[in-house]
Amino acid sequence: MTVDGIEQRTALAEAGLHDVLLARDVDAAQQWLSPALFFTDASGRWQGAPPCLQAWIARRLHVVAIEQGPIEYLACGQLLLAASDMCLAYVSDGGEQVRRLRLLRVWARCSSPAGVHLLSVGMLPLRGG
């Protein structure tokens, strides 16, 4: 797969993942998530699944809007780093909330029909924010 090929597959996977997050389709989300998926915070500390993802899986959190800034890509062998600013609007037990952050996503090539799966997500504050 060429660099353009992995970027194209990743862009399709990210769009599909956004759709299933908005649709609250936990089962469909699994097609793009690596079994080894992990998250890190701004200090690089491993988080496992963050509370917001656990709440979404348990259907206690509903994502109502996702705004994504321009995506920057860096390909390295079988991996692709995608970085962008994100704005997530969601409803949970605490009411409506908005979270703005910079997400670094590591996508890996795989043999699934999608051709890629999400391996890691780094959650950082917005640049300059």
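Refer to the structure presented above.
Residues numbered from 1 in each chain as written. Predicted model: local features only at pLDDT ≥ 70, side-chain atom pairs only at ≥ 80, totals over all residues. Heavy atoms only, no water.

A. Representation of the overall build of the protein within the structure. For the protein, the count of helices and strands is three helices and seven strands. Relative to the compact-globule value of 14 Å for 129 residues, the protein shows a C-alpha radius of gyration of 14 Å, a close match. Counting only contacts in the protein whose residues sit at least 6 apart along the sequence, the fraction spanning at least 24 positions is 52%. Split by element, the accessible area of the protein, about 7,300 Å² in all, is 57% carbon and sulfur. Measuring between centres, the 11 positive side-chain charges of the protein sit 4 Å from its 12 negative side-chain charges. (Helix = DSSP H or I, 4+ residues; strand = E, 2+ residues; numbered from the N terminus. Rg over C-alpha atoms; globule rule 2.2 N^0.38 Å. Contact = heavy atoms within 4.5 Å. Areas by Shrake-Rupley, 256 points an atom, 1.4 Å probe, with all protein chains shown as cover. Lys, Arg positive; Asp, Glu negative; His and termini not counted. Charge placed at Lys NZ, Arg CZ, Asp CG, Glu CD.)

B. Just the nonpolar core, in detail. One finds L17, W56, W107, L118 and V121 to be the most contacted residues of the largest nonpolar core, which totals 28 residues. Those elements that place two or more of their residues in this core are α1 (3-23), α2 (26-29), β1 (33-40), α3 (51-57), β3 (62-68), β5 (79-92), β6 (95-109) and β7 (116-124). Aside from chain neighbours lying at most four places away, what touches L118 is L17, W32, L33, S34, L37, R105, V106 and W107. (Core = buried A, V, L, I, M, F, W, Y, C linked by side-chain atoms within 4.5 Å. Buried < 20%, exposed > 50% of the residue type's maximum accessible area, 1.4 Å probe, protein only.)

C. The arrangement of the state of the cysteines in detail. Summed over the entire model, instances satisfying the criterion amount to zero disulfides. The structure places no disulfide on C76, whose sulfur is separated from the nearest cysteine sulfur, that of C110, by 17 Å. (Disulfide = S-S within 2.5 Å.)

D. How the structure looks around the side chain of S120. Along the chain, the position of S120 falls in strand β7. Setting aside chain neighbours within four positions, we find S120 in contact with L37, F38, L104, R105 and V106.

E. Main features of the pattern of salt bridges. Enumeration according to the criterion identifies four salt bridges in this entry. Between R105 and E14 there is a salt bridge whose closest N-O contact spans 2.7 Å. Taken together, the residues span a long stretch of sequence, with R105 in strand β6 and E14 in helix α1 at a distance of 91 residues. The residue R45 makes a salt bridge to D41 at a minimum N-O spacing of 3.2 Å. With relative accessibility at 16%, the residue D41 sits in the buried group. (Salt bridge = Lys/Arg side-chain N within 4 Å of Asp/Glu carboxyl O.)

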